[in-house]
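# Commentary on secondary and tertiary structure
Spelled out, the chains give:
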Amino acid sequence: MFVVMSASATEAEVLGVKSHILAEGMTPYDHAGADRVVIAVVGDVGPHRDHLMHRLGALPGVETITPISRPFKLTSREFHPEDTTIPVLDAVVGDGSLTVMAGPCSVESRDQLFQAADAVADAGATILRGGAFKPRTSPYAFQGLGVEALRYLAEARDRTGLPVITEVMEPNQVDIVAEYADILQIGTRNMQNYSLLTAVGRVARPVMLKRGYGATVEEWLMAAEYIVSSGNPNVILCERGIRTFETYTRNTMDLAAVPLLHHLTHLPVIVDPSHAAGRRDLVLPLARAAAAVGADGIIVETHPQPEQALSDGPQQIPTSEFAEFAAAVTAIVEVMGKHVG
Ligand code: PEP
Ligand code: MN
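Residues numbered from 1 in each chain as written. Chains lettered and ligands numbered in written order. Predicted model: local features only at pLDDT ≥ 70, side-chain atom pairs only at ≥ 80, totals over all residues. Heavy atoms only, no water.

### Quick look at the overall build of the protein chain
Operational definition: Secondary structure is summarised from DSSP: a helix means a run of H or I of at least four residues, a strand means a run of E of at least two, and numbering begins at the N terminus for each. Between the two quantities, the radius of gyration covers C-alpha atoms and the globule rule is 2.2 Å times the number of residues to the power 0.38. Remark: exposure states derive from per-residue accessible area (1.4 Å probe, protein chains only) relative to the maximum for the residue type, with buried under 20%, exposed over 50%, and partly exposed in between. Any pair of residues with heavy atoms lying within 4.5 Å of one another is described as a contacting pair. Per-residue and other accessible areas were derived by the Shrake-Rupley procedure at a 1.4 Å probe size, with only the shown protein chains allowed to occlude residues.
Helix and strand counts for the protein chain come out as eleven helices and 15 strands. Computed over its C-alpha atoms, the radius of gyration of the protein chain comes to 21 Å, within 12% of the 20 Å expected for a compact globule of 341 residues. Along the three orthogonal principal directions, the C-alpha set of the protein chain runs to about 65 × 45 × 45 Å. Here the protein chain holds 341 residues, and 54% of them are scored as buried. Expressed as a percentage of contacts within the protein chain between residues at least 6 apart in sequence, the contacts between residues at least 24 apart total 69%. Approximately 14200 Å² of the protein chain is accessible, and the part contributed by carbon and sulfur atoms is 53%.

So, in structure tokens, the structure goes:
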């Protein structure tokens, strides 16, 4: 439930409500909106609902108590009506611009990463991607360069000025990845790894949470709720395709999720057409569709020599073609009255 304070409520009244919630064994999360404070009551509210509504409703400064039927609270638009905007170095995700994240699937060498980084920076991309720890379906496939790759990513950031995003796969990697990266990525296979979600909820880095390939929108928002309720409000959602009966594409890109999420949540939503399609010829049309449907950004794989890539070669755009790709996406972004940034 949410406690909606009156517009004239004092700080002491807000504190009074919060301490009451704590005394009842629940956790209060307050959000200062444009003209009033709303306090979410988080915990196992169910059995105590009537009692809590009665007690909290009688406190000074309280205007109304709104029971919320949806299971996600802190990530919901009802609690936090304004869009969340997430600053990352000089960029801002969710401010109405289209964030373009791009780079290789895996960091394979300093040289490979720098070639990709230079190409995406020259094409006006916002954020550099590159996998250091790779979740591979086969244990025999390239698993990533690990910490060596994190160092190359940090060097590439110094070289281009672009913030960097990379995946973290385990709770015990969170500190080291957060030391080098500007955004932590949670991959599709880990969307419901609750100890990992809690761990990234405790660091001062934005998190990009990819949708589990078999997850509903509600399960995805509940996963985001783990991160936000652990203390990290800066979560970016990434639609990367879900598994369906279709086999011509690697996954089925759920574009309806973008406007749906904009309705349900205040968190920014970006789209990954590379992992959705699994083939490079579909990446541009899907990226343009993502921009047209109002996504806050896209994340795209690009490699200097995709045919030699150690992972996801068939879906990576050659870096030599990346500028042309970015220009074709920008044309749609401009039609939408937005800019890349
Ligand atoms: C990736 O972005 O490198 C990746 C592994 O994606 P996903 O988790 O969506 O498969
Ligand atoms: Mn990949």
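### A closer look at the coordination of the manganese ion (ligand 2)
Using the following cut-off: Donors, by definition, are the N, O and S atoms found within 2.8 Å of a metal, the threshold being 3.2 Å for Na, K and Ca, and water is not counted, so a site can look incomplete.
Taken together, Cys105 (SG), His275 (NE2), Glu301 (OE) and Asp312 (OD) make up the full set of protein donors to the manganese ion (ligand 2), lying 2.0 to 2.4 Å away. Motif for the manganese ion (ligand 2), donor spacing along one chain: C-x169-H-x25-E-x10-D. A residue pair is termed long-range when its members are at least 10 positions apart, and Cys105 in the loop between β7 (99-103) and α3 (110-122) and Glu301 in strand β14 (residues 297-303) qualify at 196 residues. For the pair shown, Cys105 and Glu301 are each scored as buried.

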